[in-house]
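# Structural characterization, general
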Amino acid sequence: MAFNLTRMTIYALISAIEEDLRSLIKSYISEEKFITPEILNRAKGRIEKDIGVLFGGIELNELIDYFDLGDTFQTINSNKSVFPAHISKTIKEMTKNLELIIPVRNRVMHIRPLNFDDLQMVSEFCKKLVDLDRSIKWENIDRTIKRLKENPSFVLSLDVVTYDEDESISHNLPIPDFDETGLIGRDNEVQQIKQLCLGAFPVISIVGEGGIGKSALALKVAYELIEKGTPFEAVVWVTSKTTQITLNEIKEIKGAIDSSLGVIQEIGKKIVGEDFDNNNLNEVIEYLATFKIALFIDNLETILDENIRQFVGALPQGSKIIITSRIGLGAYEYPIKLQGIEESYASQLLRSVAKIRGVEVLFKQTEKILRGYVNRMHRNPSYIKWFVSSVHTGLSPENVLQNSNTFLDFCMSNVYKYLSLDAQKLTTSMQCAPGLKDIPELTYLNDFEAIQAQKAIQELMATNMLSQSSVAKGASVKTTYQLSELARAYLGKHHKPSQTFQKEIRDKRNKLNSIFEEQMNRKTRNKYSARNIKFRDKSDRVIAKKLYDAQTYISNSEHDKAFEILQDAQRLAPDYFEVARFMAYFYQKSGNLADAREQYDLAIVLSPKTPQLHYWFGKFLLHSEESIDEAVTQFEIAYKLDCEAIEVALALARGYLFQHKFGMTQNILNGLTSVIETADEHLLRMFFDTEIQVLYRTADDFSKSGDMEKAMLALEAMKSKFEELEEKYKDKHMRKKLGKCTFQLSRIFKSEVYSMKERATSMKDWIENESSIQNIL
């Protein structure tokens, strides 16, 4: 079995430590009584495993040859009086370090993934041990260190020998290919996936772009699961990897599994055995039901089809499937979306690989420069290793970074070619319109239906080609999307949008911008206009366009078209309060008052502090449902949120008027006196009308209660107020309302209060005169 240079270097150094410690024991211990029975029995067990059977007596020195690292320093520490003081002291001082090296030794001997600092720790310990006390002969360590300096590759000729039992559960895991540096920067993900494997989820997927470290992470987790104490009886690894990247090309792997049936057959052979019936999927399922098996399927995207989905869907309880893929299954799974490693870890990886491979131009660079490199490589571990290998050939770092087509193609080609046409079009439009985009804008730019855009986004999210950002907006959460850094780099080199398509997207974006600018200008005029749309931010432009279109159709009584547009807007932005308001307006105009009320309620739930919503809801309650008290409640909320709005103040004043709270009406009108001249003509007419109404309604209340004097005073005040108005405001509607005063006058005449009859007669003549003018108008 071939191991890499890092693992074999550690093996050579640890073997040298063990040999030198055994030599020390042989030099000072000559009787078995100084060795504990446990250590002796372990040594005999290793001899028996090595030669098959024990014959007769065994010399002590022969037993010592089978001591492992822990046996050696434990023996020396247990027999301090037997060894010279300087040796006992040195070993005692080094015991903690030796205890730390035992797990490293076990990782090497039992073929477990190495940690990134294993080689450094063992190397530094060996140098420290030699320098600590030169009187102790560390011949093997000295010799090994010198040989490593002269010819590091000599370790590749060594054989890893271990006689200890590997107590792990049954598995077929391959040798980790990240021994060179260890798995840097993925500790949190390892623990998360391990917990998921031990939890309730039957299928876990590790999804990410090529080279991001999916296989390495899965293999690290798989090795964690083979240790004693996990609930699994076996861990099985199957790969469908079909290509590998070299410095200059992407090479096909000969004999690779390239179909779903091939993978299922391979799984069957690994789980059931070589006599597995290639066509009997039920036999595999039966084994997975009988035994708790953790099944790892690597590089699933190359063979993802209905056969695989059917197999995964039939997974019985107890066993687990962990897959790595550039494309998610889309169902059944708990997905872990893998991104690039953190900047500090990426820099550490680059420096470590460069140092191991002797690329001085890289490992001696400053931290700032290395971080700049790794960010340009999107902190992709395989990209970083490929970069170091390329620089090792003599190319400059900048040359490699600017000519990375081969690596980008390796990372993304398997993903892009499996995308639907809609998803591919979406990536093209997102190249033309960089930055975060929401679903409505992507729908508009690509001429998609809402559901069409959502499916394409879901597909791209499953491949990690998109990144997303979510921000709270009032009672809702706004989610936006953009191409991932690696996807943008790949698409920019291999799938650039045409000039025609770029112009089409540019024209559409300009149109959206003009909508936004137009709305901003309208906003300065009247934010309480029914056509005014309150933007949460610039991205609401697409929905605003749809709402304007719907409103036009409603005005033209084309309700079917309006409803279709509003439904599409609702699918795209269900959390946007303006969509609910326009839907309420549609139902109101259609006569469906119950649904209109429901939509107004929804709008207010989505944005409770928007005064316009309370204002419009109040108008609906007042005019459509004639629910004065509820309407006033909404006007009061709007007034509290925006007390300077003339529209709101007048609506509340008229609400109080209809509730016969004339004093409160008059207070609001008095407050508007100083600003009403700034209002438009419609609001001015409403203000003057309210001033007239509050006086004749006051007169009506007094006349009904029998207080004729106050009633008459109110009518005379109304007359004075009316005569002060400019002629253009004395329209037929206002004059028509004057006619209602005849009821109050008839009550005054009937009261037979002589002193008031003359005033009442004069008032009657005046009203009749104004009414005649109304008839002329």
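What counts, and where the lines are drawn
Residues numbered from 1 in each chain as written. Predicted model: local features only at pLDDT ≥ 70, side-chain atom pairs only at ≥ 80, totals over all residues. Heavy atoms only, no water. Helix = DSSP H or I, 4+ residues; strand = E, 2+ residues; numbered from the N terminus. Buried < 20%, exposed > 50% of the residue type's maximum accessible area, 1.4 Å probe, protein only. Contact = heavy atoms within 4.5 Å. Areas by Shrake-Rupley, 256 points an atom, 1.4 Å probe, with all protein chains shown as cover. Axes fitted to C-alpha atoms, helices over the stretch in contact; angles between N-to-C directions. Parallel < 35°, antiparallel > 145°, perpendicular 65-115°, else oblique. Nonpolar A, V, L, I, M, F, W, Y, C, P; charged D, E, K, R; others polar. Salt bridge = Lys/Arg side-chain N within 4 Å of Asp/Glu carboxyl O. 1 Å grid on protein atoms, 1.4 Å probe; cavity = no way out; pocket = protein on both sides within 12 Å on 5 of 7 lines; lining within 4 Å. Points joined across faces, edges and corners; volume = space filled by probe spheres on them. Core = buried A, V, L, I, M, F, W, Y, C linked by side-chain atoms within 4.5 Å. Pairing = 2+ DSSP bridges. pLDDT = per-residue confidence, 0-100. Phe/Tyr/Trp six-rings, centres within 6.5 Å; stacked < 30°, edge-to-face > 60°. Lys NZ or Arg CZ within 6 Å of the ring centre and 35° of its normal.

## Digging into the overall build of the protein chain
When you go through the protein chain residue by residue, the secondary structure sums to 36 helices and 10 strands. Taken over 777 residues, the protein chain has a buried fraction of 49%. Sequence-distant contacts, at least 24 apart, represent 71% of the contacts inside the protein chain between residues at least 6 apart. Surface accessibility of the protein chain: about 37,000 Å² in total, with carbon and sulfur atoms responsible for 49%.

## Here we look at the packing of helix 20 (residues 439–446) against helix 24 (residues 541–555)
Packed helices, taken two at a time, are described by the angle between their axes plus the distance between the axes. Between helix 20 and helix 24, the shortest axis-to-axis distance is 7 Å and the interhelical angle comes to 70°. Our classification of the angle between helix 20 and helix 24 gives roughly perpendicular. Contacts between helix 20 and helix 24 involve Pro 440, Glu 441 and Tyr 444 from the former and Arg 541, Val 542, Ile 543 and Lys 545 from the latter. Of the residues in the contact of helix 20 with helix 24, the class split is 4 nonpolar, no polar and 3 charged.

## Description of the side chain of Thr 443
Here Thr 443 shows up in helix 20. In contact with Thr 443, other than residues within four places in its own chain, are Phe 448, Glu 449, Ala 450, Ala 453 and Leu 572.

## Considerations on the pattern of salt bridges
Under the definition given, this model contains 42 salt bridges. A salt bridge links Glu 19 to Arg 22, with the nearest nitrogen and oxygen atoms 2.6 Å apart. With Glu 19 and Arg 22 both in helix 1 (residues 5–28) and 3 residues apart, the pair spans about one turn of that helix. Residue Glu 19 is classed as partly exposed on the basis of its relative accessible area, which comes to 33%. Arg 22 sits in the buried class, given a relative accessible area of 9%. In this structure, the salt-bridge partner of Glu 681 is Arg 685, at a minimum N-O distance of 3.1 Å. Within this pair, Glu 681 and its partner Arg 685 are both found in helix 32 (residues 681–705), separated by 4 residues, close to a single helical turn. Take Arg 685: its relative accessible area is 24%, and that puts it in the partly exposed class.

## Some thoughts on the layout of surface pockets
Of the volumes computed, that of the second largest pocket is approximately 900 Å³. If you trace the second largest pocket, you find 28 residues lining it, with Leu 119, Gln 120, Ser 123, Lys 355 and Ile 356 closest to the centre. Secondary structure elements with two or more residues in the lining of the second largest pocket: helix 1, helix 6 (118–132), helix 7 (139–150) and helix 13 (343–356). When residues in the lining of the second largest pocket are grouped by element, the largest group, 7 residues, is from helix 6. Taken together, the residues that form the lining of the second largest pocket break down as 11 nonpolar, 9 polar and 8 charged.

## Quick word on the nonpolar core
Residues Leu 350, Leu 362, Phe 387, Met 465 and Met 718 are the most contacted members of the largest nonpolar core, which totals 144 residues. Top contributing element to this core by residue count: helix 32, with 10 residues. Non-local contacts of Leu 362, meaning those with residues more than four positions away in its chain, are made with Leu 350, Ala 354, Leu 370, Tyr 373, Phe 387, Val 388, Val 391 and Pro 397. Membership of the second largest hydrophobic core comes to 48 residues, among which are Leu 24, Ile 29, Tyr 66 and Ile 91.

## A look at the sheet that holds strand 2 (residues 203–207)
Ordered by their spatial adjacency, 6 strands build an open sheet running 1-3-6-7-2-8, and the pairing between neighbours is parallel. Two strands lie at the open edges of the sheet, namely strand 1 (170–171) and strand 8 (334–337), each paired on one side alone. Here 6 bridges tie strand 3 (residues 234–239) to strand 6 (residues 293–298), and the two strands are oriented parallel to one another. Bridge assignment links Val 235 to a residue of strand 6, and that residue is Ala 294.

## Things to note about unusual backbone geometry
Positioned with a positive phi, Arg 379 is a non-glycine residue whose angle comes to about 55°. Checked against the element boundaries, Arg 379 lands in the loop between helix 15 (367–376) and helix 16 (381–392). Of note in the backbone geometry, His 660 takes a positive phi value of approximately 65° without being a glycine. Relative to the assigned elements, His 660 resides in the loop between helix 30 (646–658) and helix 31 (662–672).

## Some words on the confidence of the model for the protein chain
Residue-level pLDDT values for the protein chain average 84, and 89% of them are 70 or greater. Across the protein chain, helix 29 (residues 628–641) holds the top mean pLDDT of 95, while strand 5 (residues 250–252) sits lowest at 41. Note on residues 242–259: pLDDT is under 50 here. Beyond four places in sequence and across chains, it has 45 contacts.

## A short note on the packing of helix 24 against helix 26 (residues 577–590)
The interhelical angle for the contact between helix 24 and helix 26, taken along N-to-C directions, is 10°, at an axis separation of 11 Å. Here helix 26 runs roughly parallel to helix 24, going by the angle between their axes. Residues Ile 543, Leu 547, Gln 551 and Ile 554 of helix 24 lie in contact with helix 26, whose contacting residues are Glu 578, Val 579, Phe 582, Tyr 585, Phe 586 and Lys 589.

## A few points about the environment of Gln 599
Topologically, Gln 599 is positioned in helix 27 (residues 593–606). Remark: the alpha-carbon pair of Gln 599 and Phe 586, spanning 13 residues in sequence, is separated by 9.9 Å. In contact with Gln 599, not counting residues within four places along its chain, are Gln 570, Ala 580, Met 583, Ala 584 and Tyr 587.

## Here we look at the packing of aromatic side chains
Tallied over the entire structure, the rule returns 18 aromatic pairs. Taking 5.1 Å as the distance between ring centres and 75° as the angle between the ring planes, the aromatic pair formed by Tyr 528 and Tyr 615 counts as edge-to-face. In this pair, Tyr 528 is assigned in the loop between helix 23 (499–525) and helix 24 and Tyr 615 in helix 28 (residues 611–623), connecting sequence segments 87 residues apart. Pair check on accessibility: Tyr 528 and Tyr 615 agree, each one buried. Ring plane angle 40° and centroid distance 5.2 Å describe the contact between Tyr 600 and Phe 620, whose orientation is recorded as tilted. Of this pair, Tyr 600 sits in helix 27 while Phe 620 sits in helix 28, placing them 20 residues apart in sequence. The pair formed by Tyr 600 and Phe 620 is uniform in burial state, with each residue classed as buried. A connected cluster of aromatic rings, assembled from ring pairs, spans Tyr 528, Tyr 615 and Phe 635. The aromatic ring of Phe 154 is capped on one face by Arg 147, whose charged end is 3.9 Å from the ring centroid. Above the face of the Trp 616 ring, Arg 581 is positioned so that its terminal group lies 3.6 Å from the ring centre.

## Focus on the pairing of strand 2
In terms of residue burial, strand 2 counts as a mostly covered element, since 5 of its 5 residues are buried. Neither face of strand 2 is open: one carries Val 203, Ser 205 and Val 207, the other Ile 204 and Ile 206, and all of them are buried. Pairing between strand 2 and strand 7 (residues 320–325): 5 bridges, direction parallel. Among the inter-strand pairings, Val 207 is bridged to a residue of strand 7, identified as Ser 325. Across 4 bridges, the pairing between strand 2 and strand 8 is parallel. Counterpart to Ser 205 in the pairing with strand 8 is Pro 335.

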